[in-house]
Amino acid sequence: MTFTQERTLATQTRADFPILDQEIHGKPLIYLDNAASSQKPLAVLEALHYYYTHDHANVHRGVHTLSSRATDAYEGARDKVAAFINAASRQEIVYTRNATEAINLVAYAWGNANLKSGDEVILSVMEHHSNLIPWQLLAQRTGAVLKFVQLSETQEFDLEHYKSLLSAKTKLVAIVHVSNTLGCINPVEEIVRLAHQQGARVLIDACQSVPHMSVDVQAIDCDWLVASGHKMCAPTGIGFLYGKLDVLRSMPPFLGGGEMIADVFLDRATYADLPYKFEAGTPAIAEAVALGAAVDYLNSLGMDNIHAYEQELTTHLFQQLKQIPEVQIYGAQSGDRAGLAAFTTGAVHPHDLSTILDQAGIAIRAGHHCTQPLHRILKAQSTARASVYFYNTPEEIDAFILALKEAIEFFGGIFG
Ligand code: 7TS
């Protein structure tokens, strides 16, 4: 396969990722576990370093120079995140530790106040545990009922089944934008439109889309959207909740403490305006600043370029994977999909495969990828998963395929 860009994004960006320039077990590292967490470019590492060597103090509290510099950097990053997903207002971006915390925030603050026994919440069977357990807990607290959209024949989101589940009882729909196991890109605009017709609110789990493609919350028209910084070149410990202004305004606070208040009395308090109402305590300041640097970095590459290049890499990956007879791939294998492949090989257990590939310097994930119910439906206890980002090269895919074939041959030789 020839790559349309003479200089691929990988060639352009590789030197920005020093971690990739190392050997593992004497072999050049090939990092194909990007769906779990991405690596960080120098621009992000330098932003962290610069912040701590020049600007650090607590935010929103002091009038001294460092505090106002830290506040400017922290709030500047919020502007960048808001623009990145085309939020209508910076007040719609609440920093959280990660996507998981953002979902829990909505489940507690909105869910406790708005759901009652018999109300229905629609999820899909492909949800990450982060977009399942908070709703199970909410259902236990309120008596709300969880309904699940099944997979279509092509192992994608079954829109017809979704339509059949929607009713006046539906109060919330919480769906993943891009599945971390199947790789499908779900029709979120249609999902939201149909839910709103029933007066239901919609949360989109955009963990696997925001890092890889351009995402526009106003076009999607979702009520909330969540993402984690660590999958989009930013550090761990920072993520965000997007929420429509009126929806966030209507929600009571989640965590109480400093930062989130307006006036405090011994027996009561009034709360700060958005987004601070949901940011209790000293936040992850440096991480937020570095998230802003990550957004700048991704913008400098262009989200459409990233998506286009990953599509090419993925086509290349699937073309070769499909030629290995022992390999069973899960999820749709063509069309517009994410740059990841979950698969099993008859002969080699995914964990053994991951261990063998590690000996060849290749990092892939093995397990249920926090989608255990989905794995049950797929009748696979666990799968191996290779996932790419823009810094991966076609040659790395080739090396992975070669090592995979060798592992299958080796185990076939022993057990075959
Ligand atoms: N939603 C999706 C779709 C995800 O892929 C993940 C993490 C999460 C939510 C949770 O993100 P967190 O940052 O709050 O933990 N997915 C994976 C994965 O596929 N392998 O490791 C983590």
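Residues numbered from 1 in each chain as written. Predicted model: local features only at pLDDT ≥ 70, side-chain atom pairs only at ≥ 80, totals over all residues. Heavy atoms only, no water.

Focus: the domain arrangement of the protein
- Per the domain assignment, the segments of the protein are domain 1 (9–31 + 302–415) and domain 2 (45–300).
- Here domain 1 and domain 2 have C-alpha centroids that lie 29 Å from each other.
- Contact residues are listed per partner, giving 31 residues for domain 1 and 31 residues for domain 2.
- Overall, the association of domain 1 and domain 2 removes approximately 2,400 Å² of surface from exposure, summing both partners, and the carbon and sulfur fraction of that is 62%.
- Taken together, domain 1 and domain 2 are joined by zero salt bridges.
- Scanning the region where domain 1 abuts domain 2 turns up 13 residue pairs in polar contact (both at pLDDT 80 or more).
- Mapped onto the side of domain 1 that touches domain 2, the elements with two or more residues apiece are α11 (303–321), β14 (340–345) and α13 (372–377).
- Each residue belonging to the side of domain 1 that touches domain 2 can be placed in one class, and the counts come to 16 nonpolar, nine polar and six charged. (Domains from an automatic or database assignment. Contact = heavy atoms within 4.5 Å. Buried area = accessible area lost by both parts, 1.4 Å probe. Salt bridge = Lys/Arg side-chain N within 4 Å of Asp/Glu carboxyl O. Polar contact = N/O pair within 3.5 Å; in protein donor to acceptor, adjacent residues only side chain to side chain. Helix = DSSP H or I, 4+ residues; strand = E, 2+ residues; numbered from the N terminus. Nonpolar A, V, L, I, M, F, W, Y, C, P; charged D, E, K, R; others polar.)

Here's the deal with the packing of aromatic side chains
- For the coordinates displayed, the defined rule picks out 14 aromatic pairs.
- Here the aromatic rings of Y51 and Y52 are separated by 5.2 Å at their centres, their planes lie at 65°, and the arrangement is edge-to-face.
- The class for Y51 is buried, based on a relative accessible area of 1%.
- Here the aromatic cluster, defined as three or more aromatic residues joined through ring pairs, consists of F17, Y297, Y389, F390 and Y391.
- A cation over a ring is seen here: R141 above Y108, with NZ or CZ 3.8 Å from the ring centre. (Phe/Tyr/Trp six-rings, centres within 6.5 Å; stacked < 30°, edge-to-face > 60°. Buried < 20%, exposed > 50% of the residue type's maximum accessible area, 1.4 Å probe, protein only. Lys NZ or Arg CZ within 6 Å of the ring centre and 35° of its normal.)

Here's the deal with the site of the ligand
- Near the ligand you find 17 residues, and of these T100, D205, S228, R365 and R385 are the closest.
- At 3.4 Å, a backbone N or O of A99 approaches an oxygen atom of the ligand.
- About the coverage of the ligand: the protein hides 90% of its 490 Å² of free accessible area.
- Residue classes in the shell around the ligand are distributed as five nonpolar, eight polar and four charged. (Near = heavy atom within 4 Å. Areas by Shrake-Rupley, 256 points an atom, 1.4 Å probe, with all protein chains shown as cover.)

Regarding the nonpolar core
- Formed by 111 residues in total, the largest nonpolar core has its most connected members in Y162, V210, L225, F240, F390 and F400.
- For this core, the element with the most residues is helix α10 (residues 285–301), which contributes 12 residues.
- In contact with F400, other than residues within four places in its own chain, are L32, L317, F343, L357, I362, I364 and A386.
- If you look at the next biggest cluster of nonpolar residues, it comprises 31 residues, including V121, A139, V226 and L248. (Core = buried A, V, L, I, M, F, W, Y, C linked by side-chain atoms within 4.5 Å.)

Regarding the UniProt feature "domain: Aminotransferase class V" (unreviewed entry) in the protein
- When the UniProt feature table is mapped onto this chain, "domain: Aminotransferase class V" (unreviewed entry) is found at residues 30–400.
- Regarding residues 30–400, the helix share stands at 39% and the strand share at 18%, and the terminal C-alpha atoms are separated by 8 Å. (UniProt positions renumbered as here; feature names shortened; annotations may be inferred.)

Description of the sheet that holds strand β17 (residues 383–387)
- Spatial ordering of the open sheet is given by β13-β14-β17-β16, a layout of four strands whose pairing is antiparallel. Sheet topology places β13 (327–330) and β16 (365–367) at the edges, where each strand pairs with a single neighbour. Sheet twist, expressed as the mean angle between neighbouring strand axes with direction ignored, is 30°.
- Strand contacts of α11: β13 and β14, with the helix running at about 15° to β14, the strand carrying the most contacts.
- Relative to β16, helix α12 (residues 350–359) is tilted by about 160°, and along the sheet it contacts β14, β16 and β17. (Pairing = 2+ DSSP bridges. Axes fitted to C-alpha atoms, helices over the stretch in contact; angles between N-to-C directions.)

Structural notes on the pairing of strand β5 (residues 120–124)
- Where burial is concerned, most of β5 is hidden: five out of the five residues are buried.
- Neither face of β5 is open: one carries E120, I122 and S124, the other V121 and L123, and all of them are buried.
- Looking at chain direction, β5 and strand β6 (residues 145–149) are connected through five bridges and run parallel. Opposite E120, over in β6, you have V145 as the bridge partner.
- At this point the chain moves from β5, through helix α5 (residues 133–142), to the parallel β6, and the crossover so formed is right-handed.
- In terms of strand pairing, β5 meets strand β7 (residues 170–176) through three bridges, oriented parallel. Counted as the bridge partner of V121 is L172 from β7. (Right-handed = clockwise from strand over helix to strand, strands pointing away.)

Things to note about helix α7 (residues 188–197)
- For α7, every residue scored as buried is listed here: V188, I191, V192, L194 and A195. Looking straight down α7, one finds that the buried residues subtend no more than 170° of arc, so they occupy a single side.
- Elements that come into contact with the buried residues of α7 comprise α6 (159–165), β7, β8 (201–205) and α8 (217–220).
- Positive phi appears at G199, one or two residues downstream of α7, with a value of about 80°. (Arc of directions from axis to C-beta.)

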